[in-house]
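Reading the structure
Each chain, letter by letter, is given below.
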Amino acid sequence: RLTVKQWDHPVAPSEIKDTAMYNCKGVIADWDEPEQIMKGDFPPNYRKYNHELAIRNLCKIMAWWMKETDVDGFRFDAARHIPSRCLRSASTQLRDYAKKLGKQNVFILGEYSTKKDEDIASDWDQYFTSVYGYPEYHRVLPALRGKAPTYLLEMAHKLSIDTYGKSSARMLRFIDNNDTSRFLVEGDTLDRLKPALAFLLFSPGTPYLFYGVEQAIQQSQASVDTGQPDPECRPDMFEAGQYKFPSSFGDKFDARAPLYKYIQSLTTLR
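Residues numbered from 1 in each chain as written. Predicted model: local features only at pLDDT ≥ 70, side-chain atom pairs only at ≥ 80, totals over all residues. Heavy atoms only, no water.

1. Overview of the nonpolar core
Of all hydrophobic cores here, the largest spans 24 residues; its most connected members are Phe 76, Leu 87, Leu 94, Tyr 112, Trp 124 and Phe 128. Per-element tally for this core: the top contributor is helix H3 (residues 84–100), with 5 residues. Ignoring anything within four residues of it in the chain, the contact list for Phe 128 reads Phe 76, Ala 79, Leu 87, Arg 95, Ile 108, Leu 109, Gly 110, Tyr 112 and Arg 170. (Core = buried A, V, L, I, M, F, W, Y, C linked by side-chain atoms within 4.5 Å. Buried < 20%, exposed > 50% of the residue type's maximum accessible area, 1.4 Å probe, protein only. Helix = DSSP H or I, 4+ residues; strand = E, 2+ residues; numbered from the N terminus. Contact = heavy atoms within 4.5 Å.)

Below is the structure:
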């Protein structure tokens, strides 16, 4: 039996405050055990909801944001831990509401943080516009960083097509993001990053450029070695930010930066 801890933070807004909406089964101890993945709480004690009422209320909240701020899409964090029936219900509700607002192509992104293709729901394309291509990311990264043969790039692409079929062309492709280390590690030159960016922009799928890559923001080797990229991978861009590190010092909104111009040329060509 998993340990059920008391909440140490307030739950808001009021629409999702009812404890009956949550499993309250305890914090996940084994991230490969199916029942824990679907029913367990996230560390330290973020409650896992598993109730249709919670989904409906969350959709109402997202609908409010859509109407009031005119956003065109949403990201479902930790989709691996949400039952497909809930994801399908949520996407249907959001798309139906979006159409009432005149939005025909609302973008719904699912996050399955995993190295295994089988952990990504086989029917994801029925409710998501796209999902993060985490398994392919883990396959291509060594080659892009010069630590493995480049033929792995072709093999990874072929495996993606074999696994997901036509839907592979809709997957979100990336070389770093908010939950990974930055592609550039201290000591790297731009010559290592430029081919990786070209590969990203000109390969099939939806390219994802993580903020700051155009400013050559780097990760420290120490944080890479410990496997704890956050918060270094998420520095503030503005000069007076709280989270600043050596490669992110100063104002990082420089449209004259070499990588900014390089990426601009790639996107123009794409």
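There is more to say after this.
2. A few points about the packing of aromatic side chains
Considering all chains together, one arrives at 14 aromatic pairs under this definition. Between the aromatic rings of Trp 64 and Trp 65, the centroid separation amounts to 5.1 Å while the plane-to-plane angle is 90°, which identifies the pairing as edge-to-face. The class of Trp 64 is partly exposed, set by a relative accessible area of 47%. Between Phe 174 and Tyr 208, the ring centres sit 6.3 Å apart and the planes meet at 75°, which makes this aromatic pair edge-to-face. Of the two residues, Phe 174 is situated in the loop between strand S4 (172–173) and helix H6 (190–202) and Tyr 208 in the loop between strand S5 (206–207) and helix H7 (221–226); the sequence distance between them amounts to 34 residues. Taken individually, Phe 174 and Tyr 208 each receive the classification buried, so the pair is uniform in this respect. A network of ring pairs unites the aromatic residues Tyr 132, Tyr 134, Tyr 137, Phe 174, Tyr 208, Phe 210 and Tyr 211 as a single cluster. The ring of Phe 183 carries Arg 145 above its face, with NZ or CZ at 5.4 Å from the centroid. The ring centre of Tyr 262 lies 5.2 Å from the NZ or CZ of Lys 194, which sits over that ring. (Phe/Tyr/Trp six-rings, centres within 6.5 Å; stacked < 30°, edge-to-face > 60°. Lys NZ or Arg CZ within 6 Å of the ring centre and 35° of its normal.)

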